[in-house]
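Now for the letters of each chain:
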Amino acid sequence: MSAAFYNEMYDSDAGLRPHYRAFAEWLDGMPAERLERKRAEADTAFHRVGITFAVYGEEAGTERLIPFDIIPRIIPAAEWAQLEAGLRQRVQALNAFLHDIYHEQAILKAGCVPAEQVLNNAQFRREMIGVDVPSGIYAHIAGVDIVRAGAGESYVLEDNLRVPSGVSYMIEDRKMMMRLFPELFSRHLIAPVQHYPDLLLDNLRTVAPKGVANPTVVLLTPGAYNSAYFEHTFLAQQMGIELVEGRDLFVRDETVFMRTTQGPQRVDVIYRRLDDDFLDPLVFNKDSMLGVPGLLSAYRAGHVTLANAIGTGVADDKSVYPYVPEMIRFYLGEEPKLNNVPTWMLRKPEDLRYVLAHLPELVVKEVHGAGGYGMLVGPAASRAEIEEFRARIIAAPEKYIAQPTLALSNCPTFVESGIAPRHLDLRPFVLSGKRGVGMVPGGLTRVALRAGSLVVNSSQGGGTKDTWVLEN
Amino acid sequence: MLSRTADHLYWLARYTERAENLARLLDVSYQMSLVPQSIAAQNENWRAILALNSLESAFAETYSGVNVDNVLRFMVADATNPSSIYSCLRAARENAHAVRGTLTAEMWESINATWIELRQQTFEQILARGISEFFDWVKLRSAVTRGVTFGTMLKDDALHFIRLGGLLERGDNTARILDMQYHILRQSDDEGASDFYRWGALLRSLSAFQVYRKVYRDAITPARVAELLILRMDLPRSLHACADGIVRMLQLIANDASAETQRQAGVLHARLHFARIDDVLAGGLHEYLTDFMDRIYELGDGISRDFLIAA
């Protein structure tokens, strides 16, 4: 176990951290074959229930299980309280920022965020300028990725404000743990998370267009071949709302309807799990078969609410990320409670100079890249890779940012060879609506199952763990 | 409910029912092939199964001769045959997958488990265990799915569309099985014992053997078999029972556009409700059943138009 990494379960002297004590005792008393049987039971159950994700690039319709690890990630109450306060603050500021840049643009005029970083950004949607959305909320659902580094301090890695996914695994992982090891839940006071769909539905209903007393909420999915389709069906079912595809909806008189067996029925709130580009072929991607022609006109007329709003991508963009602490100061007059990862913006000459001199230590990312593509991890890269990347940076420095390589914390995890530490992150899901900001305690813990790997994405072989926030 | 959702539910039920009835049809054919007869006559029966589904040319593309092994492989396990049990259960599962949020968890798990189990066995393994055991398994899985459906789903439109699809398919399939077997049985010159076994197998394949005994307490005659399977309202797989259910389901889901479809269903039902078997047989059973299947087809068309591809 490398001392450079923070271990969630053990302290630096390999002693147990207090919040893992009861769990470790239980694990010690557990015969290996019973654990093995339980792991097999979990696999069968996940398969039978069909909790799978579709894999792009493999044979059409290939479905795979996301590996589930039975050792939970445990967070003490006090630590969660700090994280939660920080998340509230951060998401509030991000929503204020989105409202501002599509209206007065005060933060740009004040020079706190460079105007060209926002206005020239491909994710900045001119169509949204001057459009008022209910309660001024843009990012109704935010999935904020948090990691812990060497000394145990937390950083926000990115703010996902478009269509963040993974919350169904958070709920299913909890269900699975309660099914496999009910005794653990009497030994610990674990904050429940299964009411997330209720919170979400309640939240979506509060942002219905003005004058709609009993709004019809639907979930818009790209369809059964989308990688997150399981989650779409899961959430729609849990909320008791219709799961619709673009072809189920149509727009007439700037109003959205769905096609039902009893004729057209009006739709008031669309929880869309479809990217901006595909929403309305009349305005965005003309070739999109997934969207609804005329949707933007109904949206701009205020006859339907989209959650999340169109144009939120400009606030979770890597080139705007470094300014989130400034947003918090500007809109809330507070100091940020969560750390940002220090970021060098290579369009600045002094940052560029520093980064080029320190490439082997740094992580360099494309500003518009995602999913681990177009990225250099200096410590893991060969000389040749570094030199090749250097040339790309010099050719177009404004396309890149750089960050120190974070020593992501790790947590004991079941792997082929037994129990070994693996790196992980945490994605809490933060809900914003008319009544403010809310969330269930914890979130989705993703774990990189390959030894030494820092990539937790499910498409890259990452797994998940149940996340316990302990109550005092 | 969403038209597309209704469409998936309706087809989910149709494919599940179709797989079950295909298992019933193949089972009865297999049982009958065990009754002593010439190889040529036997193969004629298997050819009739292909003809029933208009699959002769598709079959001829891959298989060299019509015989029990080839037809069973083609109709049970051939993924390229859209009418095989394999393809029906795959289509049922795909339709369920598209609307799994509308199904209860138990229902989805039942359908998915059927598919996973089917995919895990090769045709050789199926044969090794005995083909009848496989047909029993298909019927059992269908029964489990049906039981879970009725035992867990809210009695709302979702259930009504599932019922409607199942009834339409069942009526059609019972008519097909009866038409084909009646035709073969009428052609056979055998008298006595072997005939008894054949009519018995037909009744058993439609779960109607014991019912026949209970209702008639008498020897098995073709006219009574036809009466039972066509006109008895209380036999769950009879044409009358299916038409009865179709009319009731249509009443429950009726909308502004469905009046004509409901009228047609009413006519179909009345023709069964007030019929006498002597008249049916006098006019020709084959003609009667063909007319029934045409009307079912028309109804399916109307249902699609009125509910499933709404404007």
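What counts as what
- Chains are numbered independently. Their residues run from 1 in the order of the written sequence.
- Each chain is given a letter, starting from A, and each ligand a number, starting from 1, according to the order in which they appear as written.
- Totals for whole chains, interfaces and linings use every residue, but because this is a predicted model, local features are given only for residues with pLDDT of at least 70 and side-chain atom pairs only at 80 or more, for both listing and counting.
- Hydrogen atoms and water are omitted, and side-chain values are computed over all heavy atoms in the structure.
- Labels follow the DSSP assignment, with helices taken as runs of H or I lasting at least four residues and strands as runs of E lasting at least two, numbered in each case from the N terminus.
- The criterion used for residue contact is that any of the two residues' heavy atoms lie within 4.5 Å.
- Between rings of Phe, Tyr and Trp, where Trp is taken as its six-membered ring, a pair exists when centres lie within 6.5 Å; planes separated by under 30 degrees are stacked, by over 60 edge-to-face, and by other angles tilted.
- Relative accessibility decides the category of a residue: with a 1.4 Å probe and only protein chains considered, values under 20% of the type maximum give buried, values over 50% give exposed, and everything between is partly exposed.
- Over a ring means this: the NZ of a Lys or the CZ of an Arg is within 6 Å of the ring centre and within 35 degrees of the ring normal.
- For two strands to be treated as a pair, DSSP must find at least two bridges joining them.
- For every domain, the bounds stem from an assignment made automatically or drawn from a database.
- In short, buried area is how much 1.4 Å probe accessible area vanishes from two parts on joining, totalled over both.
- Salt bridges, as used here, are contacts in which a Lys or Arg side-chain nitrogen is within 4 Å of a carboxyl oxygen on Asp or Glu.
- The length a helix should cover is 1.5 Å for every residue beyond the first.
- Note on geometry: axes are lines fitted to C-alpha atoms, helical ones only across the stretch in contact, with angles between N-to-C directions running from 0 to 180 degrees.
- Angles below 35 degrees are treated as roughly parallel, those above 145 as roughly antiparallel, those between 65 and 115 as roughly perpendicular, and all remaining angles as oblique.
- Under the grouping applied here, Gly and all other residues not named as nonpolar or charged are polar, the nonpolar ones being Ala, Val, Leu, Ile, Met, Phe, Trp, Tyr, Cys and Pro and the charged ones Asp, Glu, Lys and Arg.
- Working rule for handedness: look at the near helix, and if it is turned counterclockwise from the far one by less than a right angle, call the crossing left-handed; if clockwise, right-handed.
- Distance and chemistry together define a polar contact, namely a pair of N or O atoms within 3.5 Å, with one atom able to donate a hydrogen and the other to accept it when in protein, and with adjacent residues in sequence counting only for side-chain atoms on both sides.

Quick word on the side chain of A:S168
And then number 1: Summarising the element assignment, A:S168 is placed in helix α6 (residues 167-180).
And then number 2: Discounting residues that sit within four places of it in the chain, A:S168 has contacts with A:F230, A:E231 and A:F234.

A few points about the packing of aromatic side chains
And then number 1: Using the criterion set out here, one finds 25 aromatic pairs over all chains in the structure.
And then number 2: Between B:Y212 and B:Y216, the aromatic rings sit 4.7 Å apart at their centres with planes inclined by 40°, giving tilted as the arrangement. In this pair, B:Y212 and B:Y216 both sit in helix α11 (residues 209-216), 4 residues apart, roughly one turn of the helix. Here B:Y212 matches B:Y216 in class, with each residue buried.
And then number 3: Three or more aromatic residues joined by ring pairs make a cluster, and in this case those are A:Y20, A:F23, A:W26, A:F181, A:F185 and A:W468.
And then number 4: Between the NZ or CZ atom of A:R252 and the centre of the ring of A:F257, over which it lies, the distance is 5.9 Å.
And then number 5: Directly above the aromatic system of B:F209 lies the positively charged group of B:R204, at a separation of 4.1 Å from the ring centroid.

Quick word on the pairing of strand β20 (residues 429-433) of chain A
Residue and element names in this part refer to chain A.
And then number 1: Among the 5 residues in β20, 5 count as buried, and that is most of the element.
And then number 2: Residue alternation in β20 divides its side chains into two sets, F429, L431 and G433 and V430 and S432, and both sets are buried.
And then number 3: Pairing of strand β4 (residues 141-148) with β20, which is carried by 3 bridges, proceeds in the antiparallel orientation. Bridging across to β20, I141 finds its partner in L431.
And then number 4: Bridge count for β20 against strand β21 (residues 436-438) is 3 bridges, and the pairing is antiparallel. In the sheet register, L431 faces β21, and the bridge partner there is G438.
And then number 5: Between β20 and β21, which follow one another and run antiparallel, lie 2 residues.

Comments concerning the domain arrangement of chain B
Residues and elements named next belong to chain B.
And then number 1: In terms of domains, chain B is made up of domain 1 (1-152) and domain 2 (154-311).
And then number 2: Computed over C-alpha atoms only, the centres of domain 1 and domain 2 are separated by 20 Å.
And then number 3: With 32 residues of domain 1 at the contact, the number on the domain 2 side is 34 residues.
And then number 4: When the buried area of domain 1 at its contact with domain 2 is split by residue, Y10, R24 and M32 rank highest and sum to 22% of it.
And then number 5: For the pair domain 1 and domain 2, the number of links is 5 salt bridges.
And then number 6: Residues R237 and E17 are paired through a salt bridge, measuring 2.6 Å at the closest nitrogen-oxygen approach.
And then number 7: Sorting elements by how many residues they give to the side of domain 1 that touches domain 2 places helix α1 (residues 3-33) first, with 18 residues.

Here we look at helix α8 (residues 131-152) of chain B
And then number 1: Here α8(B) is 22 residues long and its end C-alpha atoms lie 31 Å apart, about the 32 Å a rise of 1.5 Å per residue gives.
And then number 2: Those residues of α8(B) not exposed but buried are B:I131, B:F134, B:F135, B:W137, B:V138, B:K139, B:R141, B:S142, B:T145, B:V148 and B:T149.

Brief notes about helix α9 (residues 229-239) of chain A
And then number 1: A large share of α9(A) lies buried, amounting to 9 of its 11 residues.
And then number 2: Where α9(A) terminates, the next one or two residues include A:G240, which has phi positive at roughly 70°.

Observations regarding the packing of α1(B) against helix α16 (residues 285-308) of chain B
Residue and element names in this part refer to chain B.
And then number 1: Direction vectors running N to C along α1 and α16 enclose 150°, while the axes themselves pass 9 Å from each other. For the element pair α1 / α16, the angle class is roughly antiparallel. Every residue of α16 that contacts α1 at S3, R4, A6, D7 and Y10 is listed here: G300, I303, F307 and L308.
And then number 2: By residue class, the composition of the contact of α1 with α16 is 5 nonpolar, 2 polar and 2 charged.

Re the packing of helix α13 (residues 239-253) of chain B against helix α14 (residues 259-273) of chain B
Helix packing geometry: the angle between the two helix axes and the distance between the axes.
Residues and elements named next belong to chain B.
And then number 1: Following both chains from N to C, one finds α13 and α14 inclined at 150°, their axes separated by 9 Å at the closest point. As far as their axial angle goes, α14 and α13 are roughly antiparallel. The chirality of how α13 crosses α14 is left-handed. Where α13 abuts α14, its residues L239, H240, A243, D244, I246, V247, L250 and Q251 lie against T261, Q262, A265, G266, L268, H269, L272 and H273.
And then number 2: The class makeup of the residues in the contact of α13 with α14 is 8 nonpolar, 7 polar and 1 charged.

Considerations on the interface of chain A and chain B
And then number 1: If you look at the interface, chain A gives 22 residues, while chain B gives 27 residues.
And then number 2: Interface area for chain A against chain B, summed over the two sides, is near 2000 Å², with a carbon-plus-sulfur share of 43%.
And then number 3: Contact with chain B buries area across many residues of chain A, yet A:R48, A:R259 and A:T261 alone supply 30% of it, more than any other trio.
And then number 4: On the surface where chain A and chain B come into contact, there are 2 salt bridges.
And then number 5: The interface formed by chain A and chain B contains 13 residue pairs in polar contact (both at pLDDT 80 or more).
And then number 6: With 4 residues, the top contributor of residues to the side of chain A that touches chain B is α9(A).
And then number 7: A per-class count over the side of chain A that touches chain B returns 8 nonpolar, 7 polar and 7 charged.

Considering the sheet that holds strand β14 (residues 344-345) of chain A
All names here are of chain A.
And then number 1: Here we have 4 strands laid out as an open sheet, ordered β14-β17-β15-β16, and antiparallel in their pairing. This sheet does not close on itself; its edge strands, each paired only once, are β14 and β16 (375-377).
And then number 2: Where strand β15 (residues 362-366) lies against β16, 3 bridges are found, and the strand directions are antiparallel. Note that in β16 the partner of V363 across the bridge is V377.
And then number 3: Against the sheet, helix α14 (residues 383-395) engages β15, β16 and β17 (400-404), with an angle of about 135° to β16.

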